[in-house]
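# Geometric and topological summary
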Amino acid sequence: MISKDTKITYFIYAPYECTAVEEYLEQMAAKGWLLHGIKGPLFKFKKIIPQKIKYSVDALNKISIFDHKDPEVALEFREYCNTAGWTYICQTGKIQIFYAEEDKKVTPIHTDEDEKFKAVFKSSLYQIFNQLVIVVMMAFNIYIQSSDTDYLLSSNSSIFLVVVMFFIIFINIIKFISFFLWVIKARRKLKENKFTPYNTYSQLRIKNIVIKTYTIVILFAIVVFLGFDYYTSKNFSIVILILLFIFIIIPLCIQMFINKKKYSKTTNLIIAIGSYLSSIFLLLFVVSTAISNIPTEVQQNEWSSEKPSLTLMDFGYEENTDGDAYIDFNKSILAQRNEYSDGNKDKNLTYTIFQSNYPWAIRFHETRLVSRFNNYDINLKHTNGNLPDNIKVYSDSKKSSFILVSENKVVNIRNHFSNISDDDFLNIVYKKLFIK
Amino acid sequence: MAREQFQNLTEPMYYILISLLNERCGVDIMEAVFETSKGRVKVGPGTLYTLLGKFEKETFIRETEVKGRKRSYIITDKGKEILLNEYRRLKALVKDGSLYMEEKL
């Protein structure tokens, strides 16, 4: 955003990259832009005559992020820097920014490298902890999602969500590793009593370009999914929008509220934790409501118009006049899942077909399905039925649950019929579902 | 662990304690250190702020008055003892070395 006198840029950095931020600000000053304020990753500049300006981006560990904007400690610190000739600009989190004209002779704010390293290190710990929590939460989420592999792989929304979670985990791990590397390098340099490099500006600029590109790609993907994907239900789009609202706008409001009302640190801490917990609660509520309400109306019509390949009638029963069979269907770019259930407790037929053109998806689902059954103490063993060799058959010792696997299909089915032998049952299933 | 870092004082620490032998306002200390060391030692406002905090915690100095946001400090007896020990240590260093250095120079 550029108006005539102000400019706003988007720049991502971590507290330990303070020197790189200083270089960036000095470059902007040489072009004629003086830093006016910072809000998160947004930098506000004001137009001035291009000149050489020294910046000091300083991490003050004594203030807590839960303090309101101008706590006593920070004000005192600024007083000291003022006397030394530095002019205060703004504060963001634990970082204070000062500047002085190049030709003014000022002592740098930190003359003790060891103590500066300690301050920067401690101020970065909060962010690092946050990143670890995010990684653990995402990994756990993915693990839970992957327990129902047929649902996961046959829904474009689920696939998209998992991909996004992987990206988030990847980015956070990179951030964590680069912080760790910096700590090791800096500690080593400190022992030699030399100046510690806090990441140069060129490295930070590259990082920024990478992160910005990735964000644009993800946003573009979100728009495509919400607007154009045939198979994504509209409920999913609403869920995503609500998620964005919860995780971006609410923390901003809380932050502004904390800054306006100058409560004590403990009160702020309670407010922050309370709002964090309630937004997680809200999130869980929204997600669970949305999941229970995602009727695949679109898909249901498509499959209902064609008859399911295998029905109760194939086992010698009349068409069920009590009600409609339960049919569920979902399709994604990777796979497709058909579910069918019909009948009552005396005679019923329930099965799920998972189809994919990708052998890895078939193998993945097969392994997960078999291990899930084994977890329920239904020990599935590989049996040699009298079906052709290209069909793998798993059955349990009581011989009522079966999993049939071909190269592009996995069928999960139970034999509830007491008057039909397992071999005959399997033959009918094979004929109807595997022979085209 | 905090005690260990004050066994040997660094130069800024030494000069700050010297400048606080008289009551001084926090912001004046930077200039005092610069003058006492004849321009050799410069302490930045951030470092000064942190050190004053550490000294106060260890009761080497105490706050005398607060005028608005300007705080004044003065050294305590404990601080004087630390300072004196350091001064003696430095004198011993110079004396021991002078026997050998004078020959070489």
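See the structure above.
Residues numbered from 1 in each chain as written. Chains lettered and ligands numbered in written order. Predicted model: local features only at pLDDT ≥ 70, side-chain atom pairs only at ≥ 80, totals over all residues. Heavy atoms only, no water.

## Here's the deal with the pattern of salt bridges
Quick reminder of the rule: Put simply, a salt bridge is a Lys or Arg side-chain nitrogen that is within 4 Å of an Asp or Glu carboxyl oxygen. Put simply, DSSP marks the helices as runs of H or I at least four residues long and the strands as runs of E at least two long, and each gets a number from the N terminus on. Residue exposure (1.4 Å probe, protein chains only): buried if accessible area is under 20% of the type maximum, exposed if over 50%, otherwise partly exposed.
All chains considered together, the criterion is met by eight salt bridges over all chains. A salt bridge links K70 of chain B to E79 of chain A; the shortest N-O distance between them is 3.6 Å. One end of the pair, K70 of chain B, is in strand β3 (residues 70-75); the other, E79 of chain A, is in helix α2 (residues 72-83), on a second chain. Salt-bridge contacts for E11 of chain B lead to R40 of chain B; the nearest nitrogen and oxygen are separated by 3.3 Å. Of this pair, E11 of chain B sits in helix α1 (residues 11-19) while R40 of chain B sits in the loop between α2 (26-36) and α3 (45-57), and the two are 29 residues apart along the sequence. Residue E11 of chain B is classed as partly exposed on the basis of its relative accessible area of 40%. One salt-bridge network, held together by shared partners, links E76 of chain A together with E63 and R71 of chain B.

## Notes on the interface of chain B and chain A
Inclusion rule: Residue contacts follow a heavy-atom distance rule, with two residues in contact if any of their heavy atoms lie within 4.5 Å. Accessible area that two parts lose when put together, with a 1.4 Å probe and added across both, is what the buried area reports. Any N or O atom pair separated by 3.5 Å or less is treated as a polar contact, with the protein-specific requirement of one donor-capable and one acceptor-capable atom, and with residues adjacent in sequence counted only for side-chain atom pairs. Gly is placed with the polar residues, together with every amino acid not listed as nonpolar (Ala, Val, Leu, Ile, Met, Phe, Trp, Tyr, Cys and Pro) or charged (Asp, Glu, Lys and Arg).
Every contact between the two is made by 18 residues of chain B and, on the other side, 19 residues of chain A. Across the interface of chain B and chain A, roughly 1700 Å² is buried in total on both sides, 60% from carbon and sulfur atoms. Contact with chain A buries surface across chain B, with P45, Y49 and R69 of chain B losing the most and accounting together for 43% of the total. The tally of links between chain B and chain A comes to two salt bridges. If you look at where chain B meets chain A, you find five residue pairs in polar contact (both at pLDDT 80 or more). Those elements that place two or more of their residues in the side of chain B that touches chain A are α2, α3 and β3 of chain B. With eight residues, α3 of chain B is the largest single contributor of residues to the side of chain B that touches chain A. Classifying every residue of the side of chain B that touches chain A by side-chain character gives eight nonpolar, six polar and four charged.

## Things to note about the side chain of S123 of chain A
Residues and elements named next belong to chain A. Checked against the element boundaries, S123 lands in helix α3 (residues 113-145). The exposure class of S123 is buried, given its relative accessible area of 7%. Looking at S123, its side chain comes within polar contact range of the main-chain oxygen of A119, at 2.4 Å. Those residues in contact with S123 that lie beyond four places of it in its chain are P15, A59, N61 and K94.

## Re the pairing of strand β8 (residues 335-343) of chain A
Residue and element names in this part refer to chain A. Here is the rule we go by: When DSSP locates at least two bridges between a pair of strands, those strands are taken to pair.
Within β8, seven of the nine residues are buried, which leaves it mostly tucked inside the rest of the structure. Relative to β8, strand β7 (residues 326-331) is paired through six bridges, and the arrangement is antiparallel. Note on β8: the bridge partner recorded for N330 is R337. In this structure, the hairpin formed by β7 and β8 is closed by a connection of three residues. Here nine bridges tie β8 to strand β9 (residues 348-356), and the two strands are oriented antiparallel to one another. The residue of β9 that forms the bridge with N338 is I353.

## A few points about the packing of aromatic side chains
Geometrically, a pair of aromatic rings is defined through the distance of the ring centres and the angle of the planes. Residue and element names in this part refer to chain A. Operational definition: Only the six-membered ring of Trp is used, alongside the rings of Phe and Tyr, when aromatic pairs are assigned; centres must lie within 6.5 Å, and planes under 30 degrees apart are stacked while those over 60 apart are edge-to-face, with the rest tilted.
Taken as a whole and judged by the stated rule, the model has 18 aromatic pairs over all chains. Consider the rings of Y24 and F43, whose centres lie 5.8 Å apart with planes at 80 degrees: the pair is edge-to-face. In this pair, Y24 is assigned in helix α1 (residues 18-30) and F43 in strand β3 (residues 42-47), connecting sequence segments 19 residues apart. Just as Y24 is buried, F43 falls in that class too.

## Details of the side chain of E22 of chain A
All names here are of chain A. Note the cut-off: Charge convention: Lys and Arg are scored as positive, Asp and Glu as negative, and His as well as the terminal groups of each chain are ignored.
As for its position among the elements, E22 is in helix α1. For the buried E22, which has no salt bridge, the nearest side chain bearing the opposite charge is K116, at an N-O separation of 4.7 Å. Polar side-chain contacts of E22 include one of 3.0 Å to the backbone nitrogen of V57. Once residues within four sequence positions are removed from consideration, E22 is found in contact with Y55, S56 and V57.

## Observations concerning the sheet that holds strand β2 (residues 33-39) of chain A
Residues and elements named next belong to chain A. What counts here: Here, axes are lines fitted to C-alpha atoms. For helices the fit covers the stretch in contact, and angles between N-to-C directions go from 0 to 180 degrees.
The sheet built from three strands is open, its strands ordered β1-β3-β2 with antiparallel pairing. At either margin of the open sheet sits one strand with a lone partner, and together these are β1 (6-10) and β2. Between one strand and the next, the sheet's axes are offset by a mean angle of 30 degrees, whatever the strand orientation. Helix-sheet contacts for α1 involve β1, β2 and β3, and the interaxial angle to β3 is about 30 degrees.

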